[in-house]
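# Observations on chain architecture
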Amino acid sequence: MNPLYRNDRQGVLPDSWYVASTDIPADRPTLQGEVTADVCIVGAGFTGLSAARHLASKGLDVVVVDAHRVGFGASGRNGGQVCSGYNVPMRKLAETYGADHARRLWDLAEEAKDDLRGLCQTAIPEAQYKPGIAEAAAKPGEVDGMHRDVEFLQQAYGHDTVHTLDRAGINDLIKTDSYFGGHLDLGAGHIHPLRYAFGLAHLAEKTGARIYERSEVHHIAHGATAVLCTSQGRIKAQHVILAGNGYLPNIERKVSAKILPVNSFIAATEPLGELAAEILSQDIAVSDSKFVLNYYRLSEDKRLLFGGRPSYQIAFPTDISTTLRQRMTRMFPQLGDVRVDYAWGGTLGITANKLPAIQQVAPNVISASGFSGHGVALTGLAGKVLAEAVAGQAGRFDTLADLKTPNFPGGVAMRAPILRLAMTWYAMRDRLGV
Ligand SMILES: Cc1cc2nc3c(=O)[nH]c(=O)nc-3n(C[C@H](O)[C@H](O)[C@H](O)COP(=O)(O)OP(=O)(O)OC[C@H]3O[C@@H](n4cnc5c(N)ncnc54)[C@H](O)[C@@H]3O)c2cc1C
C-alpha cells in the first residue's frame, strides 16, 4: 500500500496539538498541466523546503511538489527535538570513519543546529526555539558509556555546552525514579516543528520557489531532462531532489532499499498548570535510552508532549493514546488523573546503520532521507548540502554520501517483517529490564 495514504487522507493534516496551536496557511495550488524548472523537489518537509530555499536563493528556478501539504509528513508531527550530532555517538563514528571524517560530520551537525537556531531567532520566531535536551539512562549500566560519550565530545570537539549528570542530577531535572544518570546538552534544544515547517515554506516562496500541494509524483522518467508525472500534471526539470523520506512510495528502488518507514506516536496531555514542575524542573526536552525509547517535553501551554512506542506495522493502531498513557503514567504516576487531549502518529525513515542516506540516484537525481529520529536539525543541513551539489559543489554532499548507508537485508518486501521480529525481542528485554 502507498505509504502516503495508509494512515491519512489526501491533504488532511493530523489531529495533533501542533495543528491546534498553529495558524494553518491557505491551501497551495495542485499542479495542473506542464511546468518546467531547473530543479524539481519531491516532498515539502524540512529537507525539501530547505533545499528549495537554498536553491532559489542561488537564482535557480525551483518547483516543490507534495502529495499532501507543506509539513504534512514527519516534519509537522515530530517531537521537536533539535539534537546534537547523529543517532550514533560521535565516539563510534570516529572509530568507524576515522577522526577527520568524524570531525567533518560533527561540524556539519553543529552547522545544522546553528542554522536552525538562526532562523528561529530571525525569520521564524514562532517556532519558539528553547535550549536543552537531557538524555537519561534507563539502566545503571548505561551511565558510564553515556558519560564517556560526553567526555569525547568535550575533548575532541570542545563541545562544552554538554555536561554529565549522576542519579541525583537527573532526578533533579526529571521527576521520576526511572533514570540512573545521563547528560544535559544545552547546545541542543526543541521547537514547535509545524510552525517551523510553515516558516520554511514561506521563506522558500519569498526567494522564488513555487510549491504545489496535493500533487503526488507517481512516476519519474529519467533523462537529461527528467519528467515527473503527477495525476494532473508533469514537471520537466534538469535536476531532481527526492525528499519524501518515510512517505516516499517505491518509485526509486535505490532509495527504498535503504529506508525503512517506521511509525512513532505522541500524546499531548491537557495543560498541566503547576503539575508541570512536578514532571520537569526546567523547560528542556528529554529522550531516554530505552530500546523502545520515550521522548517528551512541555508545550508552551504546559501540556506534556509524550512520544514513543515505535511501530513497524504499516497501519497505525486504532487507539494511539492508551499505550502512550500507560507508558507515561508508569514513569510519572503523578499524571494518573490527567486527560490526554491529542494523540497522533507519523512516519519517519530509518536506515540500517541509523545514519542518514544521502545518495546520488541517477546523474541528475539526488536524495536525502533516513535521518533515523535525528532529522529536525540534520534535514535543514541536508537540504543545504543537496543545493550545493546541484550547484556543482559536491564536497559536503560527498562527506555525507560517504557514510555509505547499506541496503536493508530482505529487500523492500522483507525488511519490515525482519525488523519487527528483532524489535519485539528488544522491546521484551526493555520490559524485563535486562
Ligand atoms: C512522531 C515522530 C517524532 C519524531 N521526533 C523527532 C525529534 O524529536 N527529533 C528529530 O530530530 N527527529 C524526529 N523525528 C524525525 C523527523 O521528524 C524527520 O527526520 C524529519 O522531519 C524528516 O523530514 P523530511 O523533510 O525528510 O521528511 P517528511 O517531513 O516526512 O516530508 C516528506 C514529504 O514528502 C511528501 N512525499 C513523499 N512522497 C511523495 C511523492 N511521491 N510525491 C509528492 N510528495 C511526496 C510527503 O507528503 C511529505 O510531506 C520524528 C518523527 C516522527 C514521525
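Residues numbered from 1 in each chain as written. Predicted model: local features only at pLDDT ≥ 70, side-chain atom pairs only at ≥ 80, totals over all residues.

## Here we look at the overall build of the chain
On a plain count of helices and strands, the chain comes out with twelve helices and 17 strands. Compactness check: the chain gives a C-alpha radius of gyration of 21 Å against a globular reference of 22 Å for 434 residues, within 12% of the reference. Principal-axis analysis of the C-alpha atoms places the extent of the chain at approximately 60 × 45 × 45 Å. The burial tally for the chain puts 50% of its 434 residues in the buried class. Across the chain, the fraction of contacts at a sequence separation of at least 24, relative to all contacts at a separation of at least 6, is 75%. (Helix = DSSP H or I, 4+ residues; strand = E, 2+ residues; numbered from the N terminus. Rg over C-alpha atoms; globule rule 2.2 N^0.38 Å. Buried ≥ 20, exposed ≤ 12 C-beta atoms within 10 Å, placed from the backbone. Contact = placed C-beta atoms within 7 Å.)

## Overview of the pairing of strand β14 (residues 304–311)
Burial within β14 is extensive, with six of its eight residues counted as buried. Bridge count between strand β11 (residues 260–269) and β14: five bridges; the pairing is antiparallel. Across the sheet, the residue bridging to A267 is F306, located in β14. Where strand β13 (residues 295–298) lies against β14, four bridges are found, and the strand directions are antiparallel. By the bridge assignment, L298 is partnered in β14 with L304. Here β13 folds back onto β14 in antiparallel fashion, the turn holding five residues, of which K302 has a positive phi close to 65°. (Pairing = 2+ DSSP bridges.)

## Here's the deal with the site of the ligand
Close to the ligand lie 46 residues, the nearest being G45, G73, G79, G244 and G375. For the shell around the ligand, the elements supplying multiple residues, two or more each, are α2 (46–57), β11, β15 (340–350) and α10 (375–390). Its residues assigned to classes, the shell around the ligand comprises 20 nonpolar, 23 polar and three charged. (Near = placed C-beta within 6 Å. Nonpolar A, V, L, I, M, F, W, Y, C, P; charged D, E, K, R; others polar.)

## Details of α2
Over its twelve residues, α2 extends 16 Å from the first C-alpha to the last, a length consistent with the 16 Å expected when each residue adds 1.5 Å. Within α2, eleven of the twelve residues are buried, which leaves it mostly tucked inside the rest of the structure. Those residues of α2 that fall on the buried side of the exposure criterion are F46, T47, G48, L49, S50, A51, A52, R53, H54, L55 and A56. Against β1 (33–42), β2 (62–65), α7 (193–206), β10 (233–242), β17 (365–369) and α10 lie the buried residues of α2. Positive backbone phi, at 90°, marks G59, one or two positions downstream of α2. (Expected span 1.5 Å × (residues − 1).)

## Looking at the nonpolar core
Counting 129 residues, the largest nonpolar core has V39, C40, I41, A52, V62, V64 and L386 as its most contacted members. Take this core: its biggest share by element is ten residues, from α10. Beyond its immediate sequence surroundings of up to four residues, L386 is in contact with A51, I241, I366, A368 and F397. (Core = buried A, V, L, I, M, F, W, Y, C linked by C-beta atoms within 7 Å.)

## Observations regarding unusual backbone geometry
A positive phi angle, close to 45°, is found at N245, a residue other than glycine. Taking the C-beta count within 10 Å as the criterion, N245 has 31 such neighbours and is therefore assigned buried. Located in the positive-phi region is K354, a residue other than glycine, with phi close to 65°. Topologically, K354 is positioned in the loop between β15 and β16 (357–362).

## A word on helix α9 (residues 321–331)
If you check which residues of α9 are buried, you get S321, L324, R325, R327, M328 and M331. One side of α9 holds all its buried residues, which, seen down the axis, span an arc of 165°. Opposite its buried face, α9 presents the exposed residues Q326 and R330, each directed more than 90 degrees away. (Arc of directions from axis to C-beta.)

## Regarding the environment of K206
Note on placement: K206 falls in helix α7. For the pair K206 and S57, spaced 149 residues apart in the sequence, the C-alpha separation amounts to 9.4 Å.

## A look at the environment of I241
With respect to the helices and strands, I241 occurs in strand β10. Owing to 30 C-beta atoms within 10 Å, I241 belongs among the buried residues under this scheme. Between the C-alpha atom of I241 and that of T47, which follows or precedes it by 194 residues, the distance is 9.6 Å. Once you skip the residues sitting within four places of it in the chain, I241 turns out to touch V39, I41, G48, A51, I366 and L386.

## As for the packing of helix α3 (residues 90–97) against helix α5 (residues 143–157)
The contact between α3 and α5 brings their axes to 8 Å, and the two run at 70°. Comparing the axis directions of α3 and α5 gives the class roughly perpendicular. Only R148, D149, F152, L153 and A156 of α5 make contact with α3, whose side of the interface consists of M90, R91 and A94. Across the contact of α3 with α5, the residue classes tally to five nonpolar, no polar and three charged. (Axes fitted to C-alpha atoms, helices over the stretch in contact; angles between N-to-C directions. Parallel < 35°, antiparallel > 145°, perpendicular 65-115°, else oblique.)

## With respect to the packing of helix α4 (residues 99–121) against α10
The description of two helices packed together rests on the angle between their axes and the distance between the axes. Between α4 and α10, the least distance of the axes is 8 Å, while the angle of their chain directions is 95°. Relative to α10, α4 is oriented roughly perpendicular. Every residue of α10 that contacts α4 at L108, A109, E111, A112, K113, D115 and L116 is listed here: A377, L378, G380 and L381. Here the contact of α4 with α10 is composed, by residue class, of seven nonpolar, one polar and three charged.

## Focus: the pairing of β10
Judged from the nine bridges that link them, β1 and β10 form a sheet pairing that is parallel. Looking at the pairing, V39 lines up with H239 of β10. Note that strand β9 (residues 226–229) and β10 share four bridges and pair antiparallel. Bridged to L228 within β10 is I235. If you look at the hairpin formed by β9 and β10, you'll find three residues sitting between the two strands. Pairing between β10 and β17: three bridges, direction parallel.

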